[in-house]
Amino acid sequence: MMQVKIDDLSLAYEDHGNGIPILLIHGYPLNRQIWRAQAQGLRKSARLISLDLRGHGESESKAGNLPETSAYTMDLLAEDCLKLLDAIHVSQPVILCGLSMGGYISFAFYRKYPERVAGLILAATRASADTPEGKAKRDQAVDLAQTHGVKRIADNMLPIMLSPKTYDSQPELVKRVKAIMQSTSLDGVIGDLLGMKERPDSTPILSQIDKPTLILYGEDDQIIPLTEMEVMQASIPGSNLVIVPDTGHLLNMEQPQAFNQAVQDYLETL
Ligand code: MLT
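As the structure is a prediction and not an experimental result, all values here were calculated from the model.

Each value, and the rule that gives it
Residues numbered from 1 in each chain as written. Predicted model: local features only at pLDDT ≥ 70, side-chain atom pairs only at ≥ 80, totals over all residues. Heavy atoms only, no water. Near = heavy atom within 4 Å. Polar contact = N/O pair within 3.5 Å; in protein donor to acceptor, adjacent residues only side chain to side chain. Nonpolar A, V, L, I, M, F, W, Y, C, P; charged D, E, K, R; others polar. Helix = DSSP H or I, 4+ residues; strand = E, 2+ residues; numbered from the N terminus. Buried < 20%, exposed > 50% of the residue type's maximum accessible area, 1.4 Å probe, protein only. Contact = heavy atoms within 4.5 Å. Salt bridge = Lys/Arg side-chain N within 4 Å of Asp/Glu carboxyl O. Core = buried A, V, L, I, M, F, W, Y, C linked by side-chain atoms within 4.5 Å. Pairing = 2+ DSSP bridges. Right-handed = clockwise from strand over helix to strand, strands pointing away. Phe/Tyr/Trp six-rings, centres within 6.5 Å; stacked < 30°, edge-to-face > 60°. Lys NZ or Arg CZ within 6 Å of the ring centre and 35° of its normal. Axes fitted to C-alpha atoms, helices over the stretch in contact; angles between N-to-C directions.

Draft legend 1. Spatial organisation of the site of the ligand. Inspection of the region around the ligand gives Gly27, Tyr28, Ser100, Met101, Tyr104, Arg126, Arg138, Met196, Ile223 and His249 as its neighbouring residues. Between Ser100 and the ligand, the recorded distance is 2.8 Å, taken from a side-chain N or O atom to an oxygen atom. Looking at the shell around the ligand residue by residue, the class counts come to 5 nonpolar, 3 polar and 2 charged.

Here is the structure:
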C-alpha cells in the first residue's frame, strides 16, 4: 500500500503491473480491497491502479475544506481520482473501471476530463440519477448511519451486495466483504450517500461517449436492474454488454475469472 497527499488529505492506493493504466474505482461502502483478484489476475496485461476513496479503507476522511457530514459529490471524488493520477505522474489517458458508485464517479470524471480517458469499464452501475424514492432512501440510510453506526449499514447491505448463492456458499468472501464495509468511516458512508443522492443524470452524455466501453453486469444483481445496463449499452456507441452468470452486485469478487476474462478480451480490442 502506498499513500499520496492530495491537498491536505492522505489517500491510500496500490499500483501493480505494466501496460495501459486502468484506474479501479470501488463502490459504496467499499474500498480498494475489492479489486484484489483484478490486481493479481490482470497485472501482466495492464497497470492496475486502485485507490481508497476519501473516507474509505486507509484513506483519510476529512477534506479540511468540508464541514462534517457533507456530500462527497461525484465531481469531488472524480477530482480526487485525477489528483491521484497527477501525483503519481500518470499523464497518459487511463481506462476507468468503476463498480456501481465507481461508475457514477467514472461518468463525472469523463464529463470533467475526457482527454484523460482512454476507455470505460462500467460494472454494475447506472447512468440515471436517483429517483425521488431513491433519494428518500438515502436520507433514511443517513439517519440509520448516524443513529446506529456503520456496522448496521454494513449488516443491512451484506445480503444484497452478493447473490443469494454466493451468500450461502462462500462464507470467506461474505466475511471479507463485511469487514471491508465495516471499515468505512461514518463520514465516508454519509458523504457517499449524500453525494450519490445529488448526482446528476448521466444519460444525456451516453451517446457522446467516444471511447471503447465495456459494460459488465452480474446476472443476479439485487441492486441495479438489468434495464439500466441495457440503456447504457444501447446509448454508448460501440459498447459491449457482458452478463456474467452466477453472481450478484460484486461480480468482480464473486466471479473474478469471468470478470478478468471479459476485461482481457476488451483490452485485446484496443
Ligand atoms: C454501490 O454499490 O456503489 C451502491 O450500492 C450504489 C448505489 O447505492 O446507488
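Draft legend 2. Structural detail: the side chain of Arg116. Relative to the elements of secondary structure, Arg116 occurs in the loop between α3 (101-112) and β6 (117-123). Overall, Arg116 belongs to the buried group, its relative accessible area being 14%. In this structure the side chain of Arg116 is engaged in a polar contact, spanning 2.8 Å, whose partner is the side chain of Asp86. Dropping the residues within four chain positions of it, Arg116 is found in contact with Leu82, Leu85, Asp86, Val90, Ser91, Pro93, Val94 and Phe109.

Draft legend 3. The pattern of salt bridges, seen in detail. Counted under the stated rule, the structure contains 15 salt bridges. For Arg32, the salt bridge is made with Glu58, and the minimal N-O distance between the two is 3.1 Å. Of this pair, Arg32 sits in the loop between β3 (20-25) and α1 (36-41) while Glu58 sits in the loop between β4 (46-51) and α2 (74-87), placing them 26 residues apart in sequence. Accessibility expressed as a relative area gives 41% for Glu58, which makes it partly exposed. The salt bridge partner of Arg54 is Asp80, with a shortest N-O separation of 2.6 Å. A residue pair is termed long-range when its members are at least 10 positions apart, and Arg54 in the loop between β4 and α2 and Asp80 in helix α2 qualify at 26 residues.

Draft legend 4. Region of interest: the nonpolar core. In terms of nonpolar packing, the biggest core is built from 88 residues, with Leu23 and Leu216 touching the most fellow members. Not counting the four nearest positions on each side in its chain, Leu216 is found in contact with Ile121, Leu122, Ala123, Ala124, Met229, Val242, Val244, Leu251, Phe259, Ala262 and Val263.

Draft legend 5. Looking closely at the pairing of β6. Counting buried positions along β6 gives 6 out of 7 residues, so the element sits mostly inside the fold. Judged from the 6 bridges that link them, strand β5 (residues 94-99) and β6 form a sheet pairing that is parallel. Bridge pairing links Leu96 to Leu120 in β6. Following the chain from β5 across α3 to the adjacent parallel β6, one finds a crossover that is right-handed. Sheet analysis places β6 next to strand β7 (residues 213-218), joined by 4 bridges and oriented parallel. The residue of β7 that forms the bridge with Ile121 is Leu214.

Draft legend 6. Just the packing of aromatic side chains, in detail. Per the counting criterion, the structure on display carries 2 aromatic pairs. Look at Trp35 and Phe259: their rings are 6.4 Å apart centre to centre, the planes differ by 50 degrees, and that puts the pair in the tilted class. Taken together, the positions of Trp35 in the loop between β3 and α1 and Phe259 in helix α11 (residues 256-269) put the pair 224 residues apart, joining distant regions of the chain. Summarising the burial analysis for this pair, Trp35 and Phe259 share the class buried. Ring geometry for Phe109 against Tyr113: centres 5.1 Å apart, planes inclined by 70 degrees, an arrangement best described as edge-to-face. Taking relative accessible area as the criterion, Phe109 reaches 0% and is therefore assigned buried. Relative accessible area serves as the criterion here: at 12%, Tyr113 is assigned to the buried category. Here Arg199 stacks its cationic end above the ring of Tyr104, 3.8 Å away from the centre of that ring.

Draft legend 7. Seen up close, the environment of Glu198. Its place among the elements puts Glu198 in the loop between α8 (186-197) and β7. Each C-alpha atom of the pair Glu198 and Lys135 lies 8.1 Å from the other, and the pair is 63 residues apart in sequence. Other than its neighbours up to four places away in sequence, Glu198 contacts Ala71 and Thr73.

Draft legend 8. Layout of the sheet that holds strand β8 (residues 240-244). Taking strand neighbours across the sheet as the criterion, the 8 strands line up as β1-β2-β4-β3-β5-β6-β7-β8 in an open arrangement whose pairing is mixed. Two strands in the sheet have a free side with no partner beyond their single neighbour: β1 (2-6) and β8. Between one strand axis and the next, the sheet turns by 25 degrees as a mean value, whatever way the strands run. Of the strand pairs in this sheet, β7 and β8 are connected by 5 bridges, and their pairing is parallel. Within β8, the position partnered with Leu216 by the bridge is Val242. Packing against the sheet, α3 makes contact with β3, β5 and β6, and its axis sits at approximately 145 degrees to β5. Sitting on the sheet, α11 is in contact with β3, β4, β5, β6, β7 and β8, with an inclination near 165 degrees to β7.

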